[in-house]
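A closer look at the structure
Letter by letter, the chains look like this.
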Amino acid sequence: MNKLIGNFIETDARVLDLGCGDGSLLAFLKNNNQVNGLGLEINHQKIQECLQKDVNVIDQDIDSGLSNFQDQSFDAVIMSQSIQALRKPEVALEEITRIGKEAIISIPNFANWRCRLQLIFGGTMPISSALPHDWYSTPNIHLCSLKDFERLCVDHGAEILDRRLLSFDGQEQLFMKAAPNLLTEIALYRVKAKN
Amino acid sequence: MPNDSLGRVETKSFIHKDSFALKSGRTLQGFEMVYQTYGELNEAKDNAILICHALSGNHHVAGLNAEEKKGWWDDMVGPNKAFDTNKHFIVGCNNLGGCHGTTGPNSNNPETNSAYGSSFPMVTVGDWVKSQDLLRNHLGLPYWYAVVGGSLGGMQALQWSIDYPDLVKKIIVIAAAAKLSAQNIAFNEIARQAILADPNYNSEDKLPKTGLGLARMLGHITYLSDDAMREKFGRDMKKGEVNFSYDVEFEVESYLRYQGESFSNRFDAHTYLLMTKVLDYFDPAEAHGGDLAKTLKSVTAKALLIAFSSDWRFSPERSRELANAFIEAKKDVSFLEIDSPQGHDAFLIPSETYDNAVKTFLEKNE
C-alpha cells in the first residue's frame, strides 16, 4: 500500500497525512519520495512513535475541523482507512480536497462478498481483516461501499482521478476489476476538487 | 545523593567588555552574565543545549547550588532525565536585567557609580538572544544543538530560531505563545501597578516588598488552573471557621501570602517590572507586518511545541497558532498537547508523555 501511495506522489511534494498513526507511511514517503510531510494524530503513543521516526506530527483531532489548513496548501492529503471513522465524512472530504491539490483516500469496502455473506447467512455484523472490530467497539461509524464513496464524491464536488482495488493487506488485485464492489477489500482513490 | 541528581553545581561568569546596543536604542557599557553548565561537551561540540529561563527563573536550572537549593528544572535536567546530562552539554544563564548575578537593576551603573535601579534600560527577548549568542561564542560552541524553554523561556527559543537560523538545530517551545494577548498584558500591568504603587518603590533604603509580593500573588493564580486550586485548597479554612475579619481565613489566602512574601525576599522588584515588559513587547512577527509565517521563513531548526490542557496563561490554542504558522511556512514542526490539571506550572513538572516527547525529539536522527 505504501508503495502504491508513493506512486501517486511526486518527489519533494508537500504531504499531509490525516490520522498518520505511527508515522510509517510518512517515513516511507520521506525516504522514497523526499516529501516534506506532516501528520495529524491524537494518540500520544503514536505521536511518540512519529517523533522517533523523525516525522513531523501535530496533535489534532480531524473531527474538530481542519480550518487551520490553508486552501491548496498541500500537494497531497492522505486519509488512509479512516474516513469511515469520522463523525462527518462529507465535511472531511470537502476539507481534504480544499487543502490538497490532490487527495489520496482509502476505504475498507463494506460491500465486500465476505461482509455480505456474514450479514446474510451469519446474521451478524461483519468482522474481517479490514474491519476487525465488534459492532459495539468499532471506531468505524460510517462504513460504506465503493459505490457509496463514489456517490459521496459526486455529491460533494470531488473528481475521481484514479481507483485501485486492493486486498486487505494492501496488495493491488487486478481480478477485482471483474466486480469491484463485490470483490474489493480496500479501495484506494486519488481525487481532487472539481474545478 | 540520588543517582539522577547532578549534585553540587557551580556558577560561572562571562564578562562582555564591549558596548552592547539594545533594541530600545540604549546601550550597556559591557555586561556580566552568570551561567551554569551540566554534562560534558562532546568532541564534535554538537551536543550543547541552551535552556532559557522564564519570568522568575535564573541560571540555576538543575543540581544543588552553594545554598544546597535545587535548580528550578531539576526534575527534568540531570542524568537520564528528560534533558539527559549523560548525552547533552546543558547551559543555563541568567538573562540581562536579572537579579541573580547577571547585569541588571541591582548592578552598578558605571555612569553614575550607583545601582541602576529603575533606570536600567528596557531589554527585549531579541536582546537576550543576542547576549546568549555572545555566551555561545565565549563557550566555543559552533552552534546550539537545541535551544529550549517554557513560557518566556520558550519565546527565547523561538526568537533564536528566527534570529540565528544557522546557529540552532532544534527548538522546544513549551507553554508559550508567539505574542501576548490583551489579557496577558492586562495581568502584567496589574502586577506592575502593584509594585509602582508601593510607597517604597524607588526609596533609598527600603524595598517595595508589599508590591512585589502582590504582583507574585496575582501571577501565581495565573500559573495554576481553577481545578488545581480547588483540589489543593477548596474552601478549607485555617482555623476551621470564619472569624469575620480580614486576617488570613482561607487556606488559599495563606498560601498566596506565603508565596508573595517569600518571593519578595528573593527577587528584585525592578527585575520583575522589566521581565513583565519583556513579555509584553515580545512579538517577533511585528517586523513582518504581523505575519508570523513570513517571520518564520528563515527558520531552519526543527521545532517541537508542547502545551498543557489546563494552561490558561498560555493556552494550547496559542501554541496551535504558532504551529499553524510553522505549517504555513512549510517548516518542520511537531505539536503535542499534554493532558495536565496543573495549569501553566505543568511545564515545570515531569510526566511520562512530556519526558518521552522531549527525549525522543532530542535524539539525533540525522
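The residue numbers shown here count from 1 along each chain, following its written sequence. All chains are assigned letters beginning at A, and all ligands numbers beginning at 1, according to the order in which they are written. In keeping with the model being predicted, local features are shown solely for residues with a pLDDT of at least 70 and side-chain atom pairs are shown and tallied solely at 80 or more, while totals for entire chains, interfaces and linings include all residues.

**Some thoughts on the overall build of chain B**
The secondary structure content of chain B amounts to 10 helices and 14 strands. As defined in this context, the radius of gyration uses C-alpha atoms, and a globule is described by 2.2 Å times the residue total to the power 0.38. Relative to the globule expectation of 21 Å for 366 residues, the C-alpha radius of gyration of chain B, 20 Å, shows essentially globular dimensions. Its C-alpha atoms give chain B principal-axis dimensions of about 65 × 50 × 50 Å. Think of it as a crowd count around each C-beta: if 20 or more other C-beta atoms lie within 10 Å the residue is buried, if 12 or fewer it is exposed, and in between it is partly exposed, with C-beta placed from the backbone throughout. Of all 366 residues assigned to chain B, the portion counted as buried reaches 48%. The numbering of helices and of strands both runs from the N terminus, where a helix is a DSSP run of H or I of at least 4 residues and a strand a run of E of at least 2.

**Focus on the overall build of chain A**
Helix and strand content of chain A: seven helices and seven strands. Its C-alpha atoms give chain A a radius of gyration of 16 Å, near enough to 16 Å, the size a compact globule of 195 residues would have. Taking the principal axes of its C-alpha atoms as reference, chain A extends roughly 45 × 40 × 30 Å. The burial tally for chain A puts 43% of its 195 residues in the buried class. Contact between residues is assigned whenever the C-beta positions, reconstructed from backbone atoms, fall within 7 Å. Nonlocal contacts in chain A, meaning residues at least 24 apart in sequence, comprise 62% of its contacts between residues at least 6 apart.

**As for the pairing of strand 13 (residues 302-308) of chain B**
All names here are of chain B. Of all seven residues in strand 13, seven are buried, a share of seventy percent or more. By the alternation rule, side chains of strand 13 split into Lys 302, Leu 304, Ile 306 and Phe 308 and Ala 303, Leu 305 and Ala 307, which are all buried. Paired strands, as defined in this entry, are two strands with at least two bridges between them according to DSSP. In this structure, strand 12 (residues 168-174) lies alongside strand 13, joined through five bridges in parallel fashion. Looking at the pairing, Lys 170 lines up with Lys 302 of strand 13. As paired strands, strand 13 and strand 14 (residues 333-338) are joined by six bridges and run parallel to one another. Following the sheet pairing, Leu 305 is matched in strand 14 by Phe 335.

**Brief notes about the interface of chain A and chain B**
Many descriptions give the size of an interface as the accessible area lost when the pieces come together. The interface of chain A with chain B comprises 15 residues on the first partner and 18 residues on the second. Taken together, the elements giving at least two residues each to the side of chain A that touches chain B come down to strand 2 (36-41), helix 3 (44-52) and strand 3 (57-59) of chain A. The leading source of residues in the side of chain A that touches chain B is helix 3 of chain A, at five residues. Of the residues assigned to the side of chain A that touches chain B, the class counts are five nonpolar, seven polar and three charged. Three residue categories are used. Nonpolar comprises Ala, Val, Leu, Ile, Met, Phe, Trp, Tyr, Cys and Pro, charged comprises Asp, Glu, Lys and Arg, and polar comprises the others, including Gly.

**Regarding helix 7 (residues 269-281) of chain B**
Residue and element names in this part refer to chain B. An ideal rise of 1.5 Å per residue puts 18 Å on 13 residues; helix 7 measures up with 19 Å between its terminal C-alpha atoms. Taken across its 13 residues, helix 7 has 10 buried, putting it largely inside the fold. For helix 7, the set of buried residues is Ala 269, His 270, Thr 271, Tyr 272, Leu 273, Leu 274, Met 275, Thr 276, Val 278 and Leu 279. Those residues of helix 7 that are buried are in contact with helix 1 (125-138), helix 2 (152-163), helix 3 (182-196) and helix 4 (209-223). Helices are assigned an expected span. That span is 1.5 Å times one less than the residue count.

**Digging into the confidence of the model for chain B**
The quantity called pLDDT is the predictor's confidence in a given residue, expressed from 0 to 100. Per-chain confidence: chain B averages 96 in pLDDT, with 99% of residues scoring 70 or above. On the interface metric, ipTM, the complex scores 0.93, and its pTM is 0.95.

**Focus on the confidence of the model for chain A**
Confidence in the prediction of chain A, expressed as mean pLDDT, is 95, and 100% of residues score 70 or more. Mean pLDDT across the elements of chain A ranges from a minimum in helix 1 (residues 2-8) of chain A, with 93, to a maximum in strand 3 of chain A, with 98.

**Observations concerning the environment of Ile 104 of chain A**
All names here are of chain A. Here Ile 104 is to be found in strand 5 (residues 100-108). Placed 84 residues apart in sequence, Ile 104 and Leu 188 show a C-alpha to C-alpha distance of 7.1 Å. Setting aside anything within four residues of it in sequence, one finds Ile 104 in contact with Ile 5, Phe 8, Ala 76, Ile 78 and Arg 190.

**Here's the deal with the domain arrangement of chain B**
All names here are of chain B. Domain start and stop points were drawn from an automatic or database domain assignment. The domains assigned to chain B are domain 1 (12-179 + 283-362) and domain 2 (184-276). Centre-to-centre, using C-alpha coordinates, domain 1 lies 26 Å away from domain 2. The interface of domain 1 with domain 2 comprises 21 residues on the first partner and 13 residues on the second. Its residues placed into classes, the side of domain 1 that touches domain 2 shows eight nonpolar, 11 polar and two charged.

**Looking at the pairing of strand 5 (residues 48-52) of chain B**
Residue and element names in this part refer to chain B. Burial analysis of strand 5 places five of its five residues in the buried class, the great majority of the element. Relative to strand 8 (residues 89-93), strand 5 runs parallel, the two sharing four bridges. Each residue of the ladder has a partner; that of Leu 50, found in strand 8, is Val 91. Pairing between strand 5 and strand 11 (residues 144-150): four bridges, direction parallel. Bridged to Leu 50 within strand 11 is Val 147.

**A short note on the nonpolar core**
Soluble globular proteins tend to bury their nonpolar side chains together. Residues and elements named next belong to chain B. Counting residues in hydrophobic clusters, the biggest one holds 154 residues, and the most contacted among them are Ile 171, Ile 172 and Ile 306. Ranked by residues supplied to this core, first place goes to helix 7 with seven residues. Viewed by domain, this core spans two of them, domain 1 (12-179 + 283-362) and domain 2 (184-276), each represented by three or more residues. Those residues in contact with Ile 306, other than ones at most four positions away along the chain, are Ile 172, Ile 174, Ala 175, Leu 336, Ile 338, Tyr 354 and Ala 357. Joined through C-beta atoms within 7 Å, a set of buried Ala, Val, Leu, Ile, Met, Phe, Trp, Tyr and Cys residues constitutes a nonpolar core.

**Digging into the packing of helix 3 of chain B against helix 7 of chain B**
Residues and elements named next belong to chain B. Contact geometry for helix 3 and helix 7: axes closest at 10 Å, N-to-C directions at 160 degrees. Classified by the interaxial angle, the pair formed by helix 3 and helix 7 is roughly antiparallel. Crossing handedness for the pair helix 3 and helix 7: left-handed. Taking contact as the criterion, the partners of Ile 185, Asn 188, Ala 191, Arg 192 and Ile 195 in helix 3 are, on helix 7, Ala 269, Tyr 272, Leu 273, Thr 276, Leu 279 and Asp 280. Residues belonging to the contact of helix 3 with helix 7 are distributed by class as follows: seven nonpolar, two polar and two charged. To get an axis, fit a line to the C-alpha atoms, keeping to the stretch in contact for a helix; angles then go from 0 to 180 degrees between the N-to-C directions. Angles are sorted into four bins: roughly parallel if under 35 degrees, roughly antiparallel if over 145, roughly perpendicular if 65 to 115, and oblique for all others. Helix crossings fall into two classes, left-handed where the near helix is turned counterclockwise from the far one by less than a right angle and right-handed where it is turned clockwise.

**What to know about the environment of Asp 133 of chain B**
Residues and elements named next belong to chain B. Along the chain, Asp 133 falls in helix 1. Through-space distance from the C-alpha of Asp 133 to that of Ala 194 is 34 Å; in sequence the pair is 61 residues apart. For Asp 133, the residues in contact, after removing those within four places along its chain, are Tyr 164 and Leu 167.

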